Amino acid sequence: MTDRTIVTSSAPTLEAVAARAGVSRATVSRVVNSSPKVTDEVVALVTAAIDELGYVPNRVARSLASKKTQAIAVIVPETASKVFDDPFFSSIVQGVALHLADTEYTLSLLMETETSSAKTRRYLRGGNVDGALIVSHHVSDHSYTQLGATVPMVFAGRPLIPEAIEGYYVDVDNVDGARMATQHLIDLGHTRIATIAGRTDMPGGHDRLDGWRAAIANAGLDDSLVTYGDFSPADGATAMRSLLHNSERIDAVFAANDQMAVGAYSALRSAGLRVPDDISVVGFDNDRYAATASPPLTTVDQSPEQMGDAMAGILLRLIDGDETVPNATMMPLELVVRESTAPRA
């Protein structure tokens, strides 16, 4: 009885996790080390026991007490095709890599899908990295907020999960950026301004829609011209076709990112409409889609490379135990005016 009391009153052990999950110590070790020889059912039992007890593998404790792994993970909760198609992600990673270039830290990129989220959490718990950077998180990504007490982490963008707000993130004022873009169209004399909003389970999509609505409401314009996409060119085209089909004449569009704006271009061309002669278009990001579009796209520049640089710097400070790091770090925005917008005739 005395030994059991000592175990449960101190840091939870591998044995305690095994007892709680009803499996052997060796099985818990295999789960912690991401062994493929463990069934999904057993992984779920052990993971639940780890979460309940707050277990930290011994090698993490040794690392925290003595030395660092000198490794950092960038976690993108998206499919590989999404990651490599979207220049936002590559720019974030480039900014992180450039910041780490003169340090001893190595960088791991983890592209997480719904089926690999448990594996990613086990990897982080396993003491493989000193910290993590979470990019493009969704409202359902609760697991990372729970891991924040074990592994230092920084989010790209304000988390929508309420309990994560006390964590650390680097962001831009997406509401203000969308308001800025929409106000540009209003100032040009446009009165039928639609938006192709992004996914509202992601902070950028949610906040940019709010910014469009704020500018539209302030100008007393129609706020019903809304459709949604997943930030891809294909969804931008589909959303634009829906707007043209379901709405009276539209004279301007604000798209929640440049990819959807460029997708909207193709739908407008198919409908016999010219940009900007017949309709003005504004995007958000200022990525390669904006610069190479025809005509070049007016957009909001959020400088993701600088965001990645800032995220890496903050994470290194957290790893070093700096208690002065602010929870929120906001990056500047700039409206870049190009040929896709023109005064209303």
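Note that the coordinates shown come from a computational prediction; the quantities given were computed from them, not determined experimentally.

**Student:** Would you mind going over the sheet that holds strand β10 (residues 298-301) with me for this structure?
**Tutor:** Within a sheet, adjacent strands bond to each other through the backbone by hydrogen bonds, running parallel or antiparallel. Taken in spatial order, the six strands make up an open sheet running β7-β6-β8-β9-β10-β12, and their pairing is mixed. Only two strands of the sheet have a single neighbouring strand rather than two, namely β7 (226-228) and β12 (334-336). With direction set aside, neighbouring strand axes in the sheet form an average angle of 20°. In this sheet, strand β8 (residues 252-255) lies alongside strand β6 (residues 193-197) in parallel orientation, the contact comprising four bridges. Bridge pairing in β8 links Ile193 to Ala252. Along the sheet, helix α11 (residues 203-219) contacts β6, β7, β8 and β9 (280-285); its crossing angle with β6, the most-contacted strand, is approximately 170°. Strands β6, β8, β9 and β10 of the sheet are contacted by helix α13 (residues 258-270), whose axis makes an angle of about 155° with β9.

**Student:** What is the right way to read the nonpolar core from this model?
**Tutor:** A general trend in soluble globular proteins is that nonpolar side chains are found buried together. Membership of the largest hydrophobic core comes to 27 residues, with the highest contact counts inside it found for Ile72, Leu133, Val135, Val154, Val170, Met307 and Met311. Looking at this core element by element, the count peaks at nine residues for helix α15 (residues 304-319). The contact partners of Leu133, leaving out residues within four places of it in the chain, are Ile72, Ala73, Val74, Ile75, Val96, Val154, Met311, Ala312 and Leu315.

**Student:** Hey, could you run me through the packing of aromatic side chains in this one?
**Tutor:** The relative placement of two aromatic rings is captured by the distance of their centres and the angle of their planes. Scanning all chains against the criterion turns up one aromatic pair. Considering the side-chain rings of Phe88 and Phe89, the 5.9 Å spacing of their centres and the 70° angle between planes classify their relative orientation as edge-to-face. Judged by its relative accessible area of 16%, Phe88 falls in the buried class. With a relative accessible area of 4%, Phe89 lands in the buried category. Arg208 extends its terminal NZ or CZ atom over the ring of Phe284, reaching a point 3.7 Å from the ring centre.

**Student:** Help me understand the packing of helix α7 (residues 87-100) against α15, please; the structure alone is not making it clear to me.
**Tutor:** The angle between the axes and the distance between the axes are what describe a pair of packed helices. Relative to each other, α7 and α15 sit at 45°, their axes nearing to 7 Å. Comparing their axes, α15 and α7 come out oblique. Here the hand of the crossing between α7 and α15 comes out right-handed. Where α7 approaches α15, its residues Phe88, Ser91, Ile92, Gln94, Gly95, Val96, Leu98, His99 and Leu100 are matched on the opposing element by Pro304, Glu305, Met307, Gly308, Asp309, Met311, Ala312, Gly313 and Leu316. Classifying every residue of the contact of α7 with α15 gives ten nonpolar, six polar and two charged.

**Student:** What exactly am I supposed to notice about the pattern of salt bridges here?
**Tutor:** A side chain with one charge can pair with a side chain of the opposite charge if their charged atoms come near. Counting across every chain of the model gives eleven salt bridges. Close ionic contact of Arg20 with Glu52 constitutes a salt bridge, the shortest N to O distance being 2.5 Å. In this pair, Arg20 is assigned in helix α2 (residues 14-21) and Glu52 in helix α4 (residues 40-53), connecting sequence segments 32 residues apart. For Arg20, a relative accessible area of 44% puts it in the partly exposed group. Overall, Glu52 belongs to the exposed group, its relative accessible area being 54%. The partner of Asp278 in a salt bridge is Arg274, with the nearest N and O atoms 3.3 Å apart.

**Student:** Any chance you could explain the environment of Leu53 here in plain terms?
**Tutor:** Residue placement: Leu53 occurs in helix α4. A relative accessible area of 24% places Leu53 in the partly exposed class. Remark: the alpha-carbon pair of Leu53 and Arg20, spanning 33 residues in sequence, is separated by 8.7 Å. Setting aside anything within four residues of it in sequence, one finds Leu53 in contact with Pro12, Ala16, Val17 and Arg20.

Parameters at a glance
Residues numbered from 1 in each chain as written. Predicted model: local features only at pLDDT ≥ 70, side-chain atom pairs only at ≥ 80, totals over all residues. Heavy atoms only, no water. Pairing = 2+ DSSP bridges. Helix = DSSP H or I, 4+ residues; strand = E, 2+ residues; numbered from the N terminus. Axes fitted to C-alpha atoms, helices over the stretch in contact; angles between N-to-C directions. Contact = heavy atoms within 4.5 Å. Core = buried A, V, L, I, M, F, W, Y, C linked by side-chain atoms within 4.5 Å. Buried < 20%, exposed > 50% of the residue type's maximum accessible area, 1.4 Å probe, protein only. Phe/Tyr/Trp six-rings, centres within 6.5 Å; stacked < 30°, edge-to-face > 60°. Lys NZ or Arg CZ within 6 Å of the ring centre and 35° of its normal. Parallel < 35°, antiparallel > 145°, perpendicular 65-115°, else oblique. Left-handed = near helix turned anticlockwise from the far one by under 90°. Nonpolar A, V, L, I, M, F, W, Y, C, P; charged D, E, K, R; others polar. Salt bridge = Lys/Arg side-chain N within 4 Å of Asp/Glu carboxyl O.

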